[in-house]
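A look at the structure
What follows is the residue order along each chain.
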Amino acid sequence: MNPLLDPQRLPDFPALTPDAIAAALDEALAEHRSVVSDLVAHRPTTFAEAWLPYERADEAVGALWSAVSHLHAVADAPKLRAAYAAGQQRLVENHLSTMQNRGLYEVFAGIAASPAFTRLADEDRLSLQHAIRDFTLNGVALEPAARERFGAILVELSSLATEFSNVVLDATQAWVEHITDPARLSGISETDMAMFAAAAAARSMEGWAVTLQQPSVAAVLGFADDQALRERVYAANGTRASDQGPNAGQFDNSERIARILALRREAAELLGFSDPVAWSLETKMAASADEVLAFLRDLARRARPAAEAEMAEMQTFAAETLGIADLRPWDVSYVANKLREARFTVDEEQVRAYFPVERVMQGWKALLHRLFGITLAERDDVPLYHPDACYFDVIDASGQVVAGLYTDLFARQGKRGGAWVASARPRLHDGNVIRVPVSYLTCNFAPGQAAMPSLLRHTEIVTLLHETGHALHNMLTQVNRPSVGGTSGFEWDAIELPSQLLEDFAWDKDVLTGMSGHYLSGETLPGDLFDRMLSARRFQSGLFLLRQVEFGLFDLLIHLGVLGSDPVEVIEAVRDEVAVIRPPAWHRFPHAFMHIFAGSYASGYYSYLWAEVLAADGFDRFAEAGLVDRATGDLFRQEILARGATRPAAESFRAFRGRDADPQAMLRRNGLTTEPAQ
Ligand SMILES: [Zn+2]
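Residues numbered from 1 in each chain as written. Predicted model: local features only at pLDDT ≥ 70, side-chain atom pairs only at ≥ 80, totals over all residues. Heavy atoms only, no water.

1. As for the overall build of the protein
Broken down by element type, the protein carries 26 helices and nine strands. A compact globule built from 678 residues would reach a C-alpha radius of gyration of about 26 Å, and the protein, at 25 Å, matches this within 12%. A burial count over the protein gives 58% of its 678 residues as buried. For the protein, the exposed area adds up to about 26400 Å²; of that, 51% sits on carbon and sulfur atoms. Within the protein, one finds 62 positive and 90 negative side-chain charges whose respective centroids are separated by 2 Å. (Helix = DSSP H or I, 4+ residues; strand = E, 2+ residues; numbered from the N terminus. Rg over C-alpha atoms; globule rule 2.2 N^0.38 Å. Buried < 20%, exposed > 50% of the residue type's maximum accessible area, 1.4 Å probe, protein only. Areas by Shrake-Rupley, 256 points an atom, 1.4 Å probe, with all protein chains shown as cover. Lys, Arg positive; Asp, Glu negative; His and termini not counted. Charge placed at Lys NZ, Arg CZ, Asp CG, Glu CD.)

Set out below in structure tokens:
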């Protein structure tokens, strides 16, 4: 067997050349097709004979492709990009022809209808049931012409998603502001100046280079005194991949968005759904679009008074203290930071100095040990693709390696922005072997410079913990069937439960102090600084929540089609309804909205808020037990993380909490209610 297809081995990144990728994919797909046709020809009637060979063939493909996808996301290069796009297309085609194979469907449906089915383990039954559902959602029951059309749509949608994301990356990398006069960067910290200097050096420029990578945008919009520079960066960033702004039309996603929306609608209708939202909700916890719309609008109603007061306070402060009479969108982050500093005397840069990344990661490991009894041990014998990448064995209290984790923390050229977790190898136990689950945890923190380590902002520590929640979901699973273990098959709108629950540990004094150590003096975070940070925690939470509602409503309404399908018109209509901060008419947020046009959040962006209800109430369970409490950690692990999709998320939550989620907890988390906890 080609070693790149061995699900038992970790990916051999240096061996993943475009040619090797194509050859390995040929082999994996040929094997997959032969397994499927064998099953269809022999029609086995037991789970072990039918499902396990199918799963093994799937896992061989997955072993290759998770590595290729990761590489494409973090180390993009023209040849790799082409190999990825070509392979992705073949995979989608193969997946479709499998999911539309009536013979195979009948083999699985026959087993599900047999008396022996009820005696199978939950995870075996559920994996078969999920597969049967997926066959249906992929059009297995359609007439041949419709089935073919449906398949063609999914193939096109997949390549459109890849293109959408490539174009955003290209647009992000195409813009740079070369700065030779340091006066233009007044207000920027020493740390961020070093980042700009390094970005310039990397381009063989003198002076400083401001880019559209996230840490760079955050530094300028949040801290640059020069309003004109803020405006330039805001405009370049907010018009990426669109018909507007400095690179107008050069990397334009407009047509791609229109095509994606039309195809999603056509596909949904072919399956008999009224719209793409109904199609998406079929596998989610929420029951209907109306239920989600009502949920979002209720939140908007509750958040609006707070958001309006926050905006008014900023306007007054900007006028009186900063001489900004007319608060523009590119002033908002800057003014918000100045106001936060003035009100709570929290200086972001002062805070950051206490969080060099090495120290944070030590504290992070200690937290995971205290909560779940796991130890992370770095390995130096695992093939990697970049010096920033690391690999850890995750070792249980019993000394057993239960999982693996790749981390890749810093922003760089060729790496997609944002933070995310992906599965490299799901847990698998098929009677022969037990394979432990392995995840990728990727962030985009500002890298360290020659004389200065990478210093994390508090929001970045929150991000790290968020992604850790996703990784734990994958790594601490006890489910043996990959398709229903970890986050796989889990209701998408509950998937942000572990991630958002973990976030809240970043607001505990002991936890945070344990992650701190001033990069010069080694001193831990002073108590009074933490107290001030905590008092500033809900600063502008009304505005933040309204923005999340705005994105969620936009996603839902544009897929429902009730306001038409022009993304600019729809986002403007949503803003009429809920926004307190109004971006200019030329702003093109939808054109780089990867979550819904290139990611898995289509008709599902509301999931963050939906799952926050579960996360907030779940976190309270930890707080009630004294917070970093191993018994609660074990319970959370056992009832939620370990279970994956082998039962509904609502049931797993009840098993952990002892009751349904209390929506008040989420309102309290956002400071939107004064009602005390029970
Ligand atoms: Zn998340």
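What follows continues from the structure just given.
2. Remarks on the state of the cysteines
Counting across every chain of the model gives zero disulfides. With no disulfide of its own, Cys 390 has Cys 443 as its nearest cysteine by sulfur position, at a separation of 12 Å. Residue classification places Cys 390 among the buried residues on the basis of a relative accessible area of 19%. (Disulfide = S-S within 2.5 Å.)

3. What to know about the domain arrangement of the protein
The domain boundaries assigned to the protein delineate domain 1 (3-141), domain 2 (175-238), domain 3 (254-346 + 540-597) and domain 4 (357-520 + 607-669). Relative to domain 3, the C-alpha centre of domain 1 lies at a distance of 37 Å. In this complex, domain 1 contributes four residues to the contact, which on the side of domain 3 involves five residues. The largest contributions to the domain 1 side of the interface with domain 3 come from Arg 133, Leu 137 and Gly 139, which together make up 94% of the buried area. Summed over the shared surface of domain 1 and domain 3, the number is zero salt bridges. Split into classes, the residues belonging to the side of domain 1 that touches domain 3 amount to one nonpolar, two polar and one charged. (Domains from an automatic or database assignment. Contact = heavy atoms within 4.5 Å. Buried area = accessible area lost by both parts, 1.4 Å probe. Salt bridge = Lys/Arg side-chain N within 4 Å of Asp/Glu carboxyl O. Nonpolar A, V, L, I, M, F, W, Y, C, P; charged D, E, K, R; others polar.)

4. Observations regarding the pattern of salt bridges
Enumeration according to the criterion identifies 55 salt bridges in this entry. When the shortest N-O distance is used, the salt bridge between Glu 269 and Arg 265 registers 3.5 Å. Of this pair, Glu 269 and Arg 265 are both found in helix α10 (residues 254-270), four residues apart, which corresponds to roughly one turn of the helix. On the basis of relative accessible area, Arg 265 is assigned to the partly exposed category, the value being 26%. The salt bridge partner of Arg 657 is Glu 624, with a shortest N-O separation of 3.0 Å.

5. Things to note about the pairing of strand β1 (residues 176-179)
Only one face of β1 is buried: it carries Glu 177 and Ile 179, and the other face, with Val 176 and His 178, is open. For β1 and strand β2 (residues 208-211), the ladder comprises four bridges, and the chain directions are antiparallel. The residue of β2 that forms the bridge with Ile 179 is Trp 208. (Pairing = 2+ DSSP bridges.)

6. Focus on the nonpolar core
Counting residues in hydrophobic clusters, the biggest one holds 148 residues, and the most contacted among them are Phe 355, Trp 364 and Phe 505. Per-element tally for this core: the top contributor is helix α12 (residues 289-321), with 13 residues. Of all hydrophobic cores here, the second largest spans 30 residues; its members include Ala 24, Ala 60, Leu 80 and Val 438. (Core = buried A, V, L, I, M, F, W, Y, C linked by side-chain atoms within 4.5 Å.)

7. With respect to the environment of Leu 221
As for its placement among the helices and strands, Leu 221 is situated in helix α8 (residues 214-223). Taking C-alpha positions, Leu 221 is 24 Å from Arg 304, a pair spaced 83 residues apart along the chain. Leu 221 has contacts with Arg 230, Val 233, Tyr 234, Trp 330, Ser 333 and Tyr 334, leaving out every residue within four places of it along the chain.

8. So, unusual backbone geometry
Phi angles above zero are rare outside glycine, and Gln 540 is one such case at about 60°. Its location among the elements puts Gln 540 in the loop between α19 (527-535) and α20 (541-560). Phi is positive for Ser 603, which is not a glycine, with a value near 50°. Locating Ser 603 in the fold gives a position in the loop between α22 (594-597) and α23 (607-624).

9. Side note on the packing of aromatic side chains
The full count for this structure, using the stated rule, is 35 aromatic pairs. Pairwise contacts between aromatic rings join Trp 492, Phe 551, Phe 554, Phe 589, Phe 593, Tyr 601, Tyr 605 and Tyr 608 into one cluster. It is Arg 416 that lies over the ring of Trp 420; its NZ or CZ is 4.1 Å from the centre. Stacked on the ring of Phe 656, the Lys or Arg Arg 621 has its end atom at 5.9 Å from the ring centre. (Phe/Tyr/Trp six-rings, centres within 6.5 Å; stacked < 30°, edge-to-face > 60°. Lys NZ or Arg CZ within 6 Å of the ring centre and 35° of its normal.)

10. Some points on the environment of Asp 388
Topologically, Asp 388 is positioned in the loop between β3 (375-379) and β4 (389-395). Relative accessible area serves as the criterion here: at 22%, Asp 388 is assigned to the partly exposed category. Each residue touching Asp 388, except ones within four places of it in the same chain, is listed here: Thr 407, Asp 408, Phe 410 and Arg 412. Engagement of the side chain of Asp 388 in a polar contact is seen with the side chain of Arg 412, the distance being 3.4 Å. (Polar contact = N/O pair within 3.5 Å; in protein donor to acceptor, adjacent residues only side chain to side chain.)

11. A look at α23
Taking 1.5 Å as the rise per residue, α23 with 18 residues should run 26 Å; its terminal C-alpha atoms sit 26 Å apart, in good agreement. When the local axis directions of α23 are compared, the greatest deviation, roughly 30°, occurs at Val 613. Gly 626 sits one or two positions beyond α23 and adopts a positive phi of about 95°. (Expected span 1.5 Å × (residues − 1). Bend = angle between axes of the 7 residues up to and from the residue.)

12. A short note on the side chain of Glu 348
Locating Glu 348 in the fold gives a position in helix α14 (residues 348-352). A relative accessible area of 18% places Glu 348 in the buried class. Other than its neighbours up to four places away in sequence, Glu 348 contacts Phe 223, Asn 337, Arg 340 and Arg 457.

13. Brief notes about the sheet that holds β4
Here five strands make up an open sheet; going across it, the order is β3-β4-β5-β9-β6 and the pairing mixed. Of all strands in the sheet, those with a lone pairing partner are β3 and β6 (420-425), marking the two edges. Strand-to-strand twist in this sheet, taken as the mean axis angle between neighbours without regard to direction, amounts to 30°. Both β4 and strand β5 (residues 401-410) contribute to a ladder of seven bridges, which runs antiparallel. Its bridge partner lying in β5, Val 394 is registered against Ala 403. (Axes fitted to C-alpha atoms, helices over the stretch in contact; angles between N-to-C directions.)

14. Digging into the packing of helix α1 (residues 18-42) against helix α2 (residues 47-74)
For the pair α1 and α2, interaxial distance at closest approach is 10 Å and the crossing angle is 165°. Taken together, the axes of α1 and α2 are roughly antiparallel relative to one another. Crossing geometry of α1 relative to α2 is assigned as left-handed. Seen from α1, the contacting residues are Ile 21, Ala 24, Leu 25, Ala 28, Leu 29, His 32, Val 35, Val 36 and Leu 39; seen from α2, they are Glu 49, Ala 50, Pro 53, Tyr 54, Ala 57, Asp 58, Val 61, Leu 64, Trp 65 and Val 68. In terms of residue class, the contact of α1 with α2 is made up of 16 nonpolar, one polar and two charged. (Parallel < 35°, antiparallel > 145°, perpendicular 65-115°, else oblique. Left-handed = near helix turned anticlockwise from the far one by under 90°.)

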